[in-house]
Amino acid sequence: QVPLVESGGGLVQPGGSLRLSCAASGSIFSINAMGWYRQAPGKQRELVAAITSGGSPNYADSVKGRFTISRDNAKNTVYLQMNSLKPEDTAVYYCNADLVGSDYDLYDYWGQGTQVTVSS
């Protein structure tokens, strides 16, 4: 098992910023892509941003120019810097990691989710 521990969610006013973190630990050989997804009430889970092991990012159109994904491979951690937040960004944000375990099998893990609420 590889737990993904998320932190950084909370309540912020429109136009504000938050930084999410997600750290992976345990029996890891290597981590391929890491990413952030979100799910708002009554909606499907959607990709927000992802980043390859080499650092190439990919963003949903709705967050381009406002959110920045980054990772620290030495710490097995991925970050999501969210600026200019809007009420429509309100959702539970989930971390995802595609990795190779210490047994050399491929795994897809999810974090427990962290609530982000954008409201005045």
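Our subject is the structure that appears above.
None of these values were measured; they are calculated from a predicted model.

Caption draft 1: View of the environment of Pro57. Examined against the element boundaries, Pro57 turns out to sit in strand β6 (residues 57-59). Judged by its relative accessible area of 45%, Pro57 falls in the partly exposed class. In this structure the C-alpha to C-alpha distance between Pro57 and Val78, which are 21 residues apart in sequence, comes to 11 Å.

Caption draft 2: Representation of the sheet that holds strand β8 (residues 77-82). Here we have four strands laid out as an open sheet, ordered β1-β3-β8-β7, and antiparallel in their pairing. Only two strands of the sheet have a single partner each, and these edge strands are β1 (4-7) and β7 (67-72). Strand after strand, the sheet turns through a mean of 15 degrees between neighbouring axes, direction not considered. Where strand β3 (residues 18-24) lies against β8, six bridges are found, and the strand directions are antiparallel.

Caption draft 3: Quick look at the pairing of β8. Within β8, five of the six residues are buried, which leaves it mostly tucked inside the rest of the structure. Relative to β8, β7 runs antiparallel, the two sharing six bridges. Bridging from a neighbouring strand, Asp72 pairs with Thr77 of β8. Counting the residues in the hairpin turn of β7 and β8 gives four residues, including Asn76, whose phi is positive at 50 degrees.

Caption draft 4: A look at the side chain of Glu6. Looking at where Glu6 falls in the secondary structure, it is placed in strand β1. Of the buried charged residues, Glu6 lacks a salt bridge, with Arg45 as the closest side chain of opposite charge at 7.9 Å. Within polar-contact distance, the side chain of Glu6 engages the backbone nitrogen of Gly113 at 2.6 Å. Polar contacts involving the side chain of Glu6 include one to the main-chain amide nitrogen of Thr114, which spans 3.4 Å. In contact with Glu6, not counting residues within four places along its chain, are Ser21, Cys22, Trp36, Tyr93, Tyr94, Cys95, Gly111, Gln112, Gly113 and Thr114.

Scoring rules and cut-offs
- Residues numbered from 1 in each chain as written.
- Predicted model: local features only at pLDDT ≥ 70, side-chain atom pairs only at ≥ 80, totals over all residues.
- Heavy atoms only, no water.
- Helix = DSSP H or I, 4+ residues; strand = E, 2+ residues; numbered from the N terminus.
- Buried < 20%, exposed > 50% of the residue type's maximum accessible area, 1.4 Å probe, protein only.
- Pairing = 2+ DSSP bridges.
- Axes fitted to C-alpha atoms, helices over the stretch in contact; angles between N-to-C directions.
- Lys, Arg positive; Asp, Glu negative; His and termini not counted.
- Salt bridge = Lys/Arg side-chain N within 4 Å of Asp/Glu carboxyl O.
- Polar contact = N/O pair within 3.5 Å; in protein donor to acceptor, adjacent residues only side chain to side chain.
- Contact = heavy atoms within 4.5 Å.

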